[in-house]
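Observations on the three-dimensional arrangement
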Amino acid sequence: MAQDTGPAMGMSVGATTLAAVTADRAITRRPVLTLFRDRPSQIGMPSEKSTGNPLLDDRGLVVTDFVDRVGGGRPVVAGDGSTHRAEQLLGDGMHALAYAATEGRPMPPAVAITHPAHWTKEAVAALRTALGRVSEWAQQPVALMSDTVAVLTALQANPGLPDHGVIAVCDFGGSGTNITLVDARRGFEPMGATLRNTTFCGDVIDQALLDHVVADLGGNSDGPPTVGSLTRLRGQCRDAKEQLSSETVAELAGFHGGVWLTRAELDEALRQPLAGFFTVLQEVLDDNEIASEGLSAIVAVGGGANMPAVTTGLSQRFGTAVITSPRPQLTAAIGAALSVAGNVVATPKTAPPVEPEPFSETTPPPEHSVPPIDSASTVTPQPLMTPPPPPPRPAPPRPAEVPQVDDGRAGSGLPWYRQTVPVVILATVIAILLATAAVLVLRHAAEGDQDSGVFTPTSTTTTSVYTPPELPPAFAPSFELPPPALTEPPELPEGPANPEIPTHPAPESTESAPPG
């Protein structure tokens with residue numbers, strides 16, 4: 001593995017998609033190579049010329065179906081009858097992809113390419129030899145690794161992997177799905193050979209959508225499509241599948257009145273092949289004697305992992321967390337770039353992660369910033385992790401915690417003025433003291449009125465009847481006061497005798513007496 005640090009590029013090889021990631025750009029291309037006599041080859045479909053292949057509209061020799069034939073020994077026959085080695089076509093295609101990613105600028109000093117995990121040793125050796133024949137990579141060989149190792153490297157950097165149990169790595173590709181079991185406690189070492197399964201893959205889904213659309217068009221006035229248009233319609237179904245991964249409705253253009261596909265129709269097309277894949281994965285776990293509690297996580301990568309039904313179905317079926325990324329089709333390429341940029345390797349969560357060196361002074365490494373496909377702008381996607389569903393049987397109930405009640409005691413930790421019991425007692429004492437003081441004041445005032453209001457030394461002696469003063473209701477005592485005691489009048493000093501005044505004198509008449 002290359003030990004260089006600094007700018008790097010990661011690329012991944014798939015049967016239906018080739019991907020490349022640099023510090024500021026990420027692209028995907030179909031494995032379609034156009035050969036020219038007077039200039040370098042171009043990678044991608046002619047329809048992709050607007051995204052970095054302006055020369056694909058020129059005539060050239062188009063070659064396809066060479067990825068799965070690498071290392072097979074049988075040559076690929078082109079349309080003009082010429083024969084080509086599949087590994088050499090792939091080497092030229094990866095070289096063209098690298099220049100498309102850099103937009104013609106010089107390549108980064110560190111380049112890593114991933115190959116499918118199910119490839120044989122002969123296929124890997126053949127691709128390594130073909131890459132060594134590329135002029136830019138002859139003196140500085142590229143790092144060639146399994147896509148499973150690259151995927152674990154990328155996901156360990158972000159968002160992280162469990163440090164125990166078995167992890168099932170599921171790579172949903174275009175022509176098949178790879179299943180690899182790794183042991184997290186042993187440095188993510190594979191527990192056996194990668195299993196290749198074609199029950200669920202991109203080609204199967206595209207065919208299911210095509211059959212659905214053709215069946216609908218059969219009852220339409222337009223009639224079924226001709227044989228010549230089936231290839232174009234299949235490509236539209238593939239584009240609609242990718243669009244429905246993030247939207248709810250997709251349109252197939254080119255038909256009178258339009259043809260629409262919904263996510264519900266996509267999920268219905270996925271139902272049967274996805275159930276078949278679940279059965280295959282369960283058989284793999286059973287063959288390795290891995291119980292449900294021994295499976296710590298499922299890694300879902302590849303283009304098929306974009307569909308929500310895949311990740312949610314895995315979580316519900318196997319009852320464990322599903323770890324993926326916002327663009328699972330780029331995960332392997334990102335891991336390849338990390339492996340040569342910062343020498344990052346897949347390590348458990350408990351070990352401190354090795355931070356890769358920055359790609360440049362202004363651009364962060366790709367595990368934190370994955371540029372949009374065919375765009376130089378930078379975005380920051382967030383990793384995805386589908387949590388496991390709740391267990392079928394509830395856990396034994398825990399004893400209910402007795403809530404702490406504030407009883408106003410000293411040990412409650414609250415200030416005294418915020419405690420209930422001391423405040424109530426203090427308020428009661430204050431109320432009693434206020435009531436007692438009010439009674440004493442009123443009683444003293446009543447006695448003073450008796451002394452001054454009954455026997456007042458004046459020129460005219462009057463007799464007054466004591467009447468208790470009326471008190472406001474708020475200060476009225478809750479008990480009746482005893483009637484005031486009559487005291488003997490004090491002796492008065494000697495002086496002129498006062499004429500006796502009758503107790504009830506008759507009022508003087510103001511009318512004059514009648515004449516006698």
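Since we're looking at a predicted model, the values are computed, not measured.

**Considerations on the overall build of the chain**
Within the chain, the regular secondary structure consists of 10 helices and 19 strands. Across the 516 residues that make up the chain, the buried fraction comes to 40%. For the chain, the share of sequence-separated contacts (at least 6 apart) that also reach a separation of at least 24 residues comes to 62%.

**Let's talk about the confidence of the model for the chain**
In the predicted model, the chain carries a mean pLDDT of 76, and the fraction of residues at 70 or more is 64%. When pLDDT is averaged over each helix and strand of the chain, the minimum, 57, is found for strand β19 (residues 384-386) and the maximum, 98, for strand β11 (residues 166-172). Considering only residues more than four positions removed or in separate chains, one finds that residues 399-413, a stretch of pLDDT under 50, has 10 contacts. A low-confidence stretch, residues 452-482 stays under pLDDT 50, and its non-local contacts, those more than four residues away or across chains, total 20 contacts.

**Brief notes about the pairing of strand β16 (residues 259-262)**
Here β16 shows one buried face, formed by V259 and L261, and one open face, formed by W260 and T262. Judged from the 4 bridges that link them, strand β15 (residues 249-252) and β16 form a sheet pairing that is antiparallel. Opposite L252, over in β16, you have V259 as the bridge partner.

**Concerning the pattern of salt bridges**
For the structure on display, the rule yields 9 salt bridges. R271 is the salt-bridge partner of E268, the closest N and O atoms lying 3.2 Å from each other. With a gap of 3 residues between them, E268 and R271 both fall in helix α7 (residues 263-287), about one helical turn apart. Residue E268 is classed as partly exposed on the basis of its relative accessible area of 48%. When salt bridges that share partners are traced, they join R25, E103 and R105 into one network.

**Describing the packing of aromatic side chains**
Enumeration over the complete set of coordinates arrives at 5 aromatic pairs. When the ring of F172 is compared with that of F200, the centres are 5.7 Å apart and the planes differ by 90 degrees; the resulting orientation is edge-to-face. Taken as a pair, F172 in strand β11 and F200 in the loop between β14 (195-197) and α5 (202-218) lie far apart in primary sequence, 28 residues in all. As far as burial versus exposure is concerned, F172 and F200 are alike and both buried. Three or more aromatic residues joined by ring pairs form one cluster here, namely F172, F200, F277, F278 and F318. Looking at R39, its charged tip hangs above the ring of F36, at a distance of 4.0 Å from the centre. It is R317 that lies over the ring of F318; its NZ or CZ is 5.0 Å from the centre.

**Examining the sheet that holds strand β6 (residues 61-63)**
Backbone-to-backbone hydrogen bonds join strands into a sheet, with any given pair of strands oriented parallel or antiparallel. Spatially, 3 strands are ordered β5-β4-β6 in an open sheet, and the strand pairing comes out antiparallel. Whereas interior strands pair on both sides, the edge strands pair on one side only; in this sheet they are β5 (42-43) and β6. Pairing geometry for strand β4 (residues 33-35) and β6, over 3 bridges, is antiparallel. Among the inter-strand pairings, L35 is bridged to a residue of β6, identified as L61.

**Details of the packing of helix α1 (residues 86-102) against helix α2 (residues 121-132)**
Two elements in contact, α1 and α2, have axes separated by 8 Å at closest approach and are oriented at 50 degrees. One finds that α1 runs oblique with respect to α2. Of the two elements, α1 crosses α2, and the hand of that crossing is right-handed. When α1 is examined against α2, the residues E87, Q88, L90, G91 and M94 are found in contact with a partner set consisting of A126, L127, A130 and L131. Of the residues belonging to the contact of α1 with α2, the class tally is 6 nonpolar, 2 polar and 1 charged.

**Concerning a nonpolar patch on the surface**
Together, I425, V429 and L433 give the surface a local cluster of nonpolar side chains, amounting to about 280 Å² of exposed area. Looking at the secondary structure, you find L433 in helix α10 (residues 420-453). Judged by its relative accessible area of 56%, L433 falls in the exposed class.

**Observations concerning helix α4 (residues 147-157)**
Along α4, 9 of the 11 residues are buried, which leaves the element largely enclosed by surrounding structure. Buried within α4 are the following residues: D147, T148, A150, V151, L152, T153, A154, L155 and Q156. With a side-chain oxygen positioned 3.3 Å from the backbone nitrogen of T148, the residue opening α4 is S146.

**Points about the sheet that holds strand β9 (residues 110-115)**
Taken in spatial order, the 5 strands of this open sheet run β3-β2-β1-β9-β10, and their pairing is mixed. Only two strands of the sheet have a single neighbouring strand rather than two, namely β3 (26-29) and β10 (143-146). In this sheet, adjacent strand axes meet at a mean angle of 20 degrees when their direction is disregarded. Note: strand β2 (residues 18-21) against β3, 4 bridges, orientation antiparallel. Within β3, the residue paired with V21 across the bridge is A26. Along the sheet face, α2 touches β9 and β10 and points at about 160 degrees away from the line of β10. Here α4 sits on the sheet and contacts β9 and β10; the angle it forms with β10, its principal contact strand, is near 90 degrees.

**A look at the side chain of T311**
Checked against the element boundaries, T311 lands in helix α8 (residues 308-318). Judged by relative accessible area, T311 falls into the buried class, the value being 9%. Within the structure, the side chain of T311 is placed 3.2 Å from the backbone oxygen of P308, a separation counted as a polar contact.

**Some details on the packing of α7 against α8**
With their axes 10 Å apart at the nearest point, α7 and α8 run at an angle of 40 degrees to one another. Between α7 and α8, the interaxial angle falls into the category oblique. Of the two possible hands of crossing, α7 and α8 adopt the one that is right-handed. Residue-level inspection shows R263, D267, L270, L274, F277, F278, L281, Q282 and L285 of α7 in contact with α8, the latter providing P308, A309, V310, G313, L314, R317 and F318. Considering only residue class, the contact of α7 with α8 consists of 11 nonpolar, 2 polar and 3 charged.

**Considerations on the environment of S296**
With respect to the element layout, S296 can be found in strand β17 (residues 295-301). Judged by relative accessible area, S296 falls into the buried class, the value being 17%. Considering only alpha carbons, one finds S296 and D183, 113 residues apart in sequence, at a separation of 9.8 Å. Setting aside residues up to four positions removed in sequence, S296 forms contacts with P162, H164, G165, V166, I167 and T320. Among the polar contacts listed, one links the side chain of S296 to the backbone oxygen of H164, at a separation of 2.9 Å.

Analysis parameters
Residues numbered from 1 in each chain as written. Predicted model: local features only at pLDDT ≥ 70, side-chain atom pairs only at ≥ 80, totals over all residues. Heavy atoms only, no water. Helix = DSSP H or I, 4+ residues; strand = E, 2+ residues; numbered from the N terminus. Buried < 20%, exposed > 50% of the residue type's maximum accessible area, 1.4 Å probe, protein only. Contact = heavy atoms within 4.5 Å. pLDDT = per-residue confidence, 0-100. Pairing = 2+ DSSP bridges. Salt bridge = Lys/Arg side-chain N within 4 Å of Asp/Glu carboxyl O. Phe/Tyr/Trp six-rings, centres within 6.5 Å; stacked < 30°, edge-to-face > 60°. Lys NZ or Arg CZ within 6 Å of the ring centre and 35° of its normal. Axes fitted to C-alpha atoms, helices over the stretch in contact; angles between N-to-C directions. Parallel < 35°, antiparallel > 145°, perpendicular 65-115°, else oblique. Left-handed = near helix turned anticlockwise from the far one by under 90°. Nonpolar A, V, L, I, M, F, W, Y, C, P; charged D, E, K, R; others polar. Patch = residues over 30% accessible without salt bridge, like charges linked within 9 Å, V, L, I, M, F, W, Y side chains within 5 Å. Areas by Shrake-Rupley, 256 points an atom, 1.4 Å probe, with all protein chains shown as cover. Polar contact = N/O pair within 3.5 Å; in protein donor to acceptor, adjacent residues only side chain to side chain.

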